[in-house]
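# Breakdown of the fold
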Amino acid sequence: MIKVGIALAVFCSFFAVNHAHAANNLPSQVNYRVLLAHNSLIIHRNGSYTMQVVRVVEPLNATGVQNLSQVNIAYPGNFAKLKVIKAYTEDPDGTRHTVVASEIFKQSTHSAIAAPFLSDGVNESIIFPAVSPGDTIHIQYDLTYAHPYLPGIYALSAVLDPSMLVNKAIIAMDHAGNEHLKVYEGRSGNGWQSGASEFRGAMTHVAVPPLGTPAPSQYAGVAVLSTADSWKALADAYNQLAASSTEVTPTIHKTALKIAEGHDGEQAITNIYHWIQQNIHGVSVNYETAGFKPLPSEETLQRGVGDSNAKVALMCAMLHSLGIAAVPAMISQSARFKEYPGVDPFAFDHFLIYLPQKQRFMDLAYRYVAADGLPVQDAGRPVLITGNHPEMTMTPPPDVGMPLLSQTDEFTLKGSELSGSEEVMASGYMAQEERSAISGLKGRRLLKVIRDAFYAQGGVGDVNAVSFLNRHDLEKPFGIRLNLNRAGEFVPGKVFSVSLPEMHHISAALVPFASSMQRSTPSLTTPVNLHFTLKIKIPEEYRPLYLPDNERLKTSVGDYKVSFAFKNGVFTENKSLVLNHFIVSPETFPELRKITALALESDHQALVLEESA
């Protein structure tokens, strides 16, 4: 069971198909062509299986040569073996340059080096000789696995990425006479044609998606071959594999009681969540080279290290010891917000914990997440709940009913400076992001980082002091207050203008959508509710010559408004941005573009003052 989209990373992250004669009119980012990409999964009678891979690629320029002349094949060294059958470079005249044995070597994967007890990943590298643009690189190899990643489930999937060139893409599955096995097909999007346990892909238009586009599997063609007919079957297979890892031992129970501090229910859950979050060091593991079986919970507790799978198993065991129901849930953190069309275990790359009685998901992998919140990387995505009542569902999206971040700047105009304070209050996932940005910093180092951020955003002047609200209490909104001055914003005179400080968070959320008027692919936003208030106390001898226009734009994808007022010697500007969805369709992108244009234009407004008569 292996995800072809990742196995094919030998040459490309995903598939794409185009005609050979199109190479002269390609986007500049396209630097190679895949002439053939053929993956066949053959299931043997003893339960093992072999992935047979054939690849032929052509570098189109020097960048393509650099990217393709070394092929890296990653696999789990503890239950898979690689056999390279052919590997050579072929010149346009047909001359072949065979890869010599000394140019094929093994290394440990990054996760195996970082935590060898979690992963036995092997990365086998093959260096091709004499590669130039226009040559073709050929490789054929077999990867044989002693058993599937999850008991009884074999699967193969591929994505047709329209930004890449492939002349022919094929995935196929052969159960080699195992009559009890049936192969189920699933596909979505355009480009795939199905046959008998086989998919062939083709795509005739190559286009590099713009900044702010979701993962290709959100909008491109996806094909899946699998021996599992439902997500329930996959959840059941994971339950079978991981059941022993959540076993409650006397040590687990004793530790859980100590951490709970006599509490039960919600407070016990919160205490255990934060203890694991803060005390079990997180390691990122690629499940294609590590497998899906978590370490026993007591071993994770003793080592003090674990990936998301191991941490979830540990928390499940601790909660079970206190009589609280909890199960693992499988999720993908890629920017994909719909299910795969077929059952593929590698549709998931991360684990959450799910509390059935509270219908709540929690993520132990992030140090600054509240017990009742989710990182934005987990929000609004397909998630497979395991346990006795498996279900494919969706994690909740961010709640934008209340401000996730509000910023208030209060300045007094004195001479040539704006002096005053800036206060930011963040909640939800934005509180996590703000806390993470200053993680471990204090004293002069903290002030330097904040000053550097001030200058990086175009500020001129200085940050004099910093104070915090609820910096370490993750269950409460996070606040930061700066005392600062802004110099160089204006030159005093009878009539002069003051540049209005920009709201960085609003600009940052919209900048990716400023470069194009329309799009053919979906756009990826992040649901937000941002508020910005700027107050400037004006010297008595001056008044605004005029106020900029108030603006309001409410659309199906979001709401932006900005207003200006002058009363009792104080100029006030209010801005807000609300975005409702992760995905904006090409049809509704013009609405997002209008919001972007209006918001970025208002960033360049100035307050024009005149001396009173």
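Residues numbered from 1 in each chain as written. Predicted model: local features only at pLDDT ≥ 70, side-chain atom pairs only at ≥ 80, totals over all residues. Heavy atoms only, no water.

### A short note on the overall build of the protein
Tallying secondary structure elements over the protein gives 14 helices and 35 strands in all. Relative to the 2.2 N^0.38 estimate, which gives 25 Å for 613 residues, the radius of gyration of the protein is 28 Å and therefore close to what a compact globule would have. Sequence separation of at least 24 residues holds for 74% of the intrachain contacts in the protein that already meet a minimum separation of 6. Summing over all exposed atoms, the protein offers an accessible surface of approximately 26,700 Å²; the carbon and sulfur share of this is 50%. Both charge centroids of the protein, one from 48 positive and one from 57 negative side chains, sit 2 Å from each other. (Helix = DSSP H or I, 4+ residues; strand = E, 2+ residues; numbered from the N terminus. Rg over C-alpha atoms; globule rule 2.2 N^0.38 Å. Contact = heavy atoms within 4.5 Å. Areas by Shrake-Rupley, 256 points an atom, 1.4 Å probe, with all protein chains shown as cover. Lys, Arg positive; Asp, Glu negative; His and termini not counted. Charge placed at Lys NZ, Arg CZ, Asp CG, Glu CD.)

### Some details on the pattern of salt bridges
Overall, the coordinates contain 16 salt bridges when judged by the stated rule. With a closest N to O distance of 2.8 Å, aspartate 236 and lysine 232 form a salt bridge. With a gap of four residues between them, aspartate 236 and lysine 232 both fall in helix 5 (residues 231-242), about one helical turn apart. Judged by relative accessible area, aspartate 236 falls into the partly exposed class, the value being 31%. Here arginine 303 makes a salt bridge to glutamate 299, at a shortest N to O gap of 3.0 Å. (Salt bridge = Lys/Arg side-chain N within 4 Å of Asp/Glu carboxyl O. Buried < 20%, exposed > 50% of the residue type's maximum accessible area, 1.4 Å probe, protein only.)

### Considerations on helix 5
It helps to recall that an α-helix has 3.6 residues per turn; residues three or four apart then point in one direction. Here helix 5 spans 16 Å end to end across twelve residues, near enough to the 16 Å set by a 1.5 Å rise per residue. Inspection of helix 5 places Trp231, Leu234, Ala235, Ala237, Tyr238, Leu241 and Ala242 among the buried residues, and these make up the whole buried set. Angularly, the buried residues of helix 5 cover 160° about the axis, an arc narrow enough to put them on a single face. Residues of helix 5 that are buried in the fold lie against helix 10 (308-321), strand 18 (327-331), strand 19 (350-355), strand 21 (382-385) and strand 22 (391-394). (Expected span 1.5 Å × (residues − 1). Arc of directions from axis to C-beta.)

### Digging into helix 10
Between its first and last C-alpha, helix 10 extends 20 Å over 14 residues, near the 20 Å set by a 1.5 Å rise per residue. Positive phi shows up at glycine 323, right after helix 10, with a value of about 80°.

### A few points about the sheet that holds strand 26 (residues 478-487)
Taken in spatial order, the eight strands line up as 25-26-24-23-29-33-32-31 in an open sheet, and their pairing is mixed. Whereas interior strands pair on both sides, the edge strands pair on one side only; in this sheet they are strand 25 (461-469) and strand 31 (551-554). Neighbour to neighbour, the strand axes of the sheet diverge by 10° on average, direction disregarded. Across ten bridges, strand 23 (residues 405-414) lies against strand 24 (residues 417-426) in antiparallel orientation. (Pairing = 2+ DSSP bridges. Axes fitted to C-alpha atoms, helices over the stretch in contact; angles between N-to-C directions.)

### Some remarks on a nonpolar patch on the surface
A cluster of nonpolar residues, Val495, Leu545 and Tyr546, forms a patch on the protein surface that exposes about 290 Å² of accessible area. Position of valine 495 relative to the elements: it lies in strand 27 (residues 495-499). (Patch = residues over 30% accessible without salt bridge, like charges linked within 9 Å, V, L, I, M, F, W, Y side chains within 5 Å.)

### Observations concerning unusual backbone geometry
A positive phi is found at glutamate 261, a non-glycine position, where the angle reads about 55°. Checked against the element boundaries, glutamate 261 lands in the loop between helix 6 (250-260) and helix 7 (265-279). Owing to a relative accessible area of 59%, glutamate 261 belongs among the exposed residues under this scheme. One non-glycine residue, glutamine 359, lies in the positive phi region at around 50°. The residue glutamine 359 is located in the loop between strand 19 and strand 20 (360-362) in this model. On the basis of relative accessibility, which here comes to 65%, the residue glutamine 359 falls in the exposed class.

### A closer look at the pairing of strand 7 (residues 121-127)
The buried fraction of strand 7 is high, at six of seven residues. Of the pairings in the sheet, the one linking strand 3 (residues 70-76) to strand 7 comprises seven bridges and is antiparallel in character. In the strand pairing of strand 7, proline 76 is matched with glycine 121. The pairing of strand 6 (residues 104-108) with strand 7 spans five bridges and is classified as antiparallel. Looking across to strand 7, one finds that isoleucine 104 is bridged to isoleucine 126.

### Quick notes on the environment of histidine 604
Among the structural elements, histidine 604 can be located in the loop between helix 14 (589-602) and strand 35 (606-611). A relative accessible area of 64% means that histidine 604 is categorised as exposed. Put simply, histidine 604 and leucine 500 are 104 residues apart on the chain and 7.4 Å apart in space, counted from C-alpha to C-alpha.

### Describing the packing of helix 6 against helix 10
Helix 10 packs onto helix 6 with a crossing angle of 80° between their chain directions and a minimal axis gap of 8 Å. In terms of their interaxial angle, helix 6 and helix 10 are classed as roughly perpendicular. Along its contact with helix 6, which presents Ile252, His253, Thr255, Ala256 and Ile259, the element helix 10 presents Leu314, Ala317, Met318 and Ser321. Of the residues in the contact of helix 6 with helix 10, the class split is six nonpolar, three polar and no charged. (Parallel < 35°, antiparallel > 145°, perpendicular 65-115°, else oblique. Nonpolar A, V, L, I, M, F, W, Y, C, P; charged D, E, K, R; others polar.)

### Details of the sheet that holds strand 20
The strand order across the open sheet formed by five strands is 20-19-18-21-22, and the pairing between neighbours is antiparallel. Looking at strand neighbours, the two that pair on one side only are strand 20 and strand 22, the edges of this open sheet. Averaged over all pairs of adjacent strands, the angle between their axes in this sheet comes to 35°, without regard to strand direction. Judged from the four bridges that link them, strand 21 and strand 22 form a sheet pairing that is antiparallel. Note on strand 22: the bridge partner recorded for proline 382 is methionine 394. Packing against the sheet, helix 10 makes contact with strand 18, strand 19 and strand 20, and its axis sits at approximately 20° to strand 19.

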